[in-house]
Amino acid sequence: MFIAFKEIRASLGRFLLLIGAVMLLVVLLLFFQSVAGSLTLGITGGIENNNADVLVFNERARGNPAASFLNPGSVDEVGAVEGVASASAVGRGIFSVAGADEDVVIVGLEDQLAGPAVVDDGRRPNAPGEALVSTTSLAEGFAIGDVLTVEGMSFEAVGVTDEAAFDVSTTLYVSYSDFAAVTQTRSGGQAPAPLSWVAVAVDDGLDPATVAERITETVGGIEALDRSTAANELPGADQITQSFSILYLLLFIVVTIVTGVFFLILTVQKQRSLVLLRAIGGSRWDVVKPVLIQVVIVVGLGVLLGVAVAGGLLELAKDVFGSSLDPRTTILTSGFILALGILASLGAIRRVLSVDPIEATTGGSVA
Amino acid sequence: MPALTLSNVRKVYGSDDQQVVALDDVDLTVDDEEILILIGPSGSGKTTLLTVAGALLRPTSGLVDVGGTDVTDLGDKELARFRRDQVGFVFQSVNLVPFLTAKENLLAVRQLGGGRIDKAAKARANELLDELGLADRAGNLPSQLSGGQKQRVAIGRALMNEPALVLVDEPTSALDSKLGRQVMELLHREIKSRGVSAIIVTHDDRVLDFGDRTVEIVDGVLQA
């Protein structure tokens, strides 16, 4: 500890620079992770946080709720499959809100239990003109009592649920009859309300994936997916995750290179000191330990400061990005960066271990 | 028991036809409390003898006994521990850790091998710096010290762990004659007052007065 701290004191500027660099990279990483998380949840939240165990789509929709249209008889066909406890119709459409730039997704539920699993505030709708509203972190928020007018119909928010939206848009969960009404109004009574998918609850104790497989095999022209698979197959979610993963990878690589090169240069610069310490009786551990301590201090401080700054920035920009730090992701990322820092210092440690104390005599040659 | 015994010590660098014999069947004994001055031309094997005696370098053959311990067959860890506990080094060029103050350079010795810098260590460092006339320079970094002061700090560091044998390589090579003499007087006084033995390697004739005995080495062979 003694030598490690004394060296930091003597080269405080350099160490502060590295702490700053690590902090900056951590801020970027956590910021991207939060925004990517919000974006992904804005796409998948409606499925991920749904009550249904299995969702049944038209097979040609390939798991895309927006592209799925089933014939009305599908609900009964699915309900008759062994292992299905209940099946209910769900309709979905995008509508313009009167007096607003933003469109909303309206999800009509034959059975309100096929809606979001959790109502965070208020209650589920149980009368015409009532809606359970889910906003994404990237869309404007709604409060209980707010009224939205869609195609001349007014919907009052009677409940609010977080992160159960579709298509990164404000989503209104209404009764199927309200959904049918608003759809018909928009089409001038020409088009019937679509059945987008069937929400299924499976019998107690059964595996939803197994039941989904059975439904797909039994009912023609449909594809049944358990909730988790359905969320993963939503178009766009994977692309976002992959795009951001490349950014994460680049940032992790930069953290590793910056830390590794810094400590390698530092080791080369203090080579003579290391030689001296080994010559006067220092063991290999005596000269490796300060490097490890410094890595942990520098990367650890950089991570702590990065978490604090990223948390502060996300809080300040909550109205813009609507994201906050996820504790689990933050802890995992922090631990991973610390591990990368230690890994990155292996080059420096290898060099430290190769120090030959004999070099203390005449700088390498003896006579 | 002698402080140091070298018996038939041979050190060869390189292999086959590239071999260089740095020490050729050297027999040498340094008694307790004796200061031995080792002289010889450049490339004669002085520093090799010093490094072999200080367990920095293993001989190709022969026996090295320091204070009753045969160091010839010790492993790397044991050699490091041995150097830390039994030998004090004052090197010619590499002597102080630049990011540690004068006092910290002394204290660093105590921390090696998992040791602790306790009150006794701090008192010892203060006492040594005081004796070396560096009490007011304890908080200075090496870059803030003159050549003579650096050499004195190195002497203090060599004595910090109360070694049985002090090995000094060209202590006056970088000093002018006045400073060189001052450093040698100090070194002599400190070594004698502590009753330890020392080998001082030098080119400098003025240093000869400070030894109990002078031995010359030429082409790796000690001269009678």
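All figures in this text were calculated on a predicted structure; none of them were measured in a lab.

1. Thoughts on the overall build of chain B
Link 1 in the chain: Each helix and strand in chain B was counted, giving six helices and 10 strands.
Link 2 in the chain: In terms of overall dimensions, chain B is globule-like: its C-alpha atoms have a radius of gyration of 17 Å, near the 17 Å expected for 224 residues.
Link 3 in the chain: Overall, the C-alpha framework of chain B stretches about 55 × 40 × 35 Å when taken along its three principal axes.
Link 4 in the chain: Pairs at least 24 apart in sequence give 72% of the contacts found in chain B among residues at least 6 apart.

2. Quick word on the environment of Gly20 of chain A
Link 1 in the chain: Secondary-structure assignment places Gly20 of chain A in helix H2 (residues 12-48).
Link 2 in the chain: When the C-alpha positions of Gly20 of chain A and Val296 of chain A are compared, they lie 14 Å apart, and in sequence the two are 276 residues distant.

3. Quick notes on the nonpolar core
Link 1 in the chain: One finds Val22 and Val26 of chain A together with Leu38, Ala53, Leu167, Ile199 and Ile200 of chain B to be the most contacted residues of the largest nonpolar core, which totals 100 residues.
Link 2 in the chain: For this core, the leading source of residues is H2 of chain A, giving nine residues.
Link 3 in the chain: With near-sequence residues (within four places) excluded, Leu167 of chain B lies in contact with Leu50, Ala53, Gly54, Val87, Phe89 and Ile199 of chain B.
Link 4 in the chain: With 58 residues, the next largest nonpolar core counts Val104, Phe166, Val182 and Trp197 of chain A among its residues.

4. Here we look at the interface of chain A and chain B
Link 1 in the chain: Taken together, the contact pairs 25 residues of chain A with 30 residues of chain B.
Link 2 in the chain: Of all the secondary-structure elements, those providing two or more residues to the side of chain A that touches chain B are helix H1 (2-10), helix H8 (271-279) and helix H13 (359-362) of chain A.
Link 3 in the chain: Among the elements that line the side of chain A that touches chain B, the one with the most residues is H8 of chain A, at six residues.
Link 4 in the chain: Tallied by class, residues from the side of chain A that touches chain B come to 13 nonpolar, eight polar and four charged.

5. With respect to helix H3 (residues 102-111) of chain B
Link 1 in the chain: When you tally the buried positions in H3 of chain B, you get nine out of 10 residues, the bulk of the element.
Link 2 in the chain: Residues Ala102, Lys103, Glu104, Asn105, Leu106, Leu107, Ala108, Val109 and Arg110 of chain B constitute the buried set of H3 of chain B.
Link 3 in the chain: Contacts made by the buried residues of H3 of chain B are with H1 of chain A together with helix H4 (119-131) and helix H5 (147-159) of chain B.
Link 4 in the chain: One or two steps after H3 of chain B, the chain reaches Gly113 of chain B, where phi turns positive at roughly 75°.

6. So, the packing of H2 of chain A against helix H7 (residues 237-269) of chain A
All names here are of chain A.
Link 1 in the chain: Two elements in contact, H2 and H7, have axes whose closest approach is 10 Å; the angle formed by their N-to-C orientations is 170°. Put simply, H2 runs roughly antiparallel to H7. On the side of H2, the interface is formed by Leu18, Ala21, Val22, Leu25, Leu28, Leu29, Phe32, Ala36, Leu39, Thr40, Ile43 and Thr44, while H7 contributes Ala237, Ile240, Thr241, Phe244, Leu247, Tyr248, Leu251, Val254, Val255, Val258, Thr259 and Phe262.
Link 2 in the chain: Class assignment for the residues of the contact of H2 with H7 results in 20 nonpolar, four polar and no charged.

7. Some thoughts on the sheet that holds strand E6 (residues 87-90) of chain B
Either a parallel or an antiparallel arrangement is found when strands of a sheet pair, and the pairing is made through backbone hydrogen bonds.
All names here are of chain B.
Link 1 in the chain: Judged by pairing direction, the sheet is mixed, and its six strands sit side by side in the order E6-E7-E8-E3-E9-E10 without closing on themselves. For this open sheet the edge positions go to E6 and strand E10 (221-222), each flanked by a neighbour on one side alone.
Link 2 in the chain: As defined by bridge partners, strand E3 (residues 35-39) adjoins strand E8 (residues 197-202) across five bridges and the pair is classed as parallel. Within E8, the position partnered with Ile37 by the bridge is Ile200.

8. Let's talk about the domain arrangement of chain A
Link 1 in the chain: The assigned domain composition of chain A is domain 1 (2-43 + 237-362) and domain 2 (49-232).
Link 2 in the chain: Taken over C-alpha atoms, the centre of domain 1 of chain A sits 46 Å from the centre of domain 2 of chain A.

9. Describing the packing of H1 of chain A against H3 of chain B
To characterise two packed helices, one gives the angle between the axes of the helices and the distance between these axes.
Link 1 in the chain: Here H1 of chain A crosses H3 of chain B at 150°, and the two axes come no closer than 10 Å. The orientation of H1 of chain A relative to H3 of chain B falls into the category roughly antiparallel. On the side of H1 of chain A, the interface is formed by Phe2, Ile3 and Lys6 of chain A, while H3 of chain B contributes Glu104, Ala108 and Gln111 of chain B.
Link 2 in the chain: Considered class by class, the residues forming the contact of H1 of chain A with H3 of chain B number three nonpolar, one polar and two charged.

10. Some words on the sheet that holds strand E5 (residues 69-70) of chain B
Residue and element names in this part refer to chain B.
Link 1 in the chain: Within the open sheet, the four strands sit side by side as E2-E1-E4-E5. Their pairing is antiparallel. Of all the strands in the sheet, just strand E2 (20-30) and E5 have a single pairing partner and so form its edges.
Link 2 in the chain: The sheet contact formed by strand E1 (residues 4-13) and strand E4 (residues 61-66) spans five bridges and is antiparallel. Note on E4: the bridge partner recorded for Leu4 is Val66.

Criteria and cut-off values
Residues numbered from 1 in each chain as written. Chains lettered and ligands numbered in written order. Predicted model: local features only at pLDDT ≥ 70, side-chain atom pairs only at ≥ 80, totals over all residues. Helix = DSSP H or I, 4+ residues; strand = E, 2+ residues; numbered from the N terminus. Rg over C-alpha atoms; globule rule 2.2 N^0.38 Å. Contact = placed C-beta atoms within 7 Å. Core = buried A, V, L, I, M, F, W, Y, C linked by C-beta atoms within 7 Å. Buried ≥ 20, exposed ≤ 12 C-beta atoms within 10 Å, placed from the backbone. Nonpolar A, V, L, I, M, F, W, Y, C, P; charged D, E, K, R; others polar. Axes fitted to C-alpha atoms, helices over the stretch in contact; angles between N-to-C directions. Parallel < 35°, antiparallel > 145°, perpendicular 65-115°, else oblique. Pairing = 2+ DSSP bridges. Domains from an automatic or database assignment.

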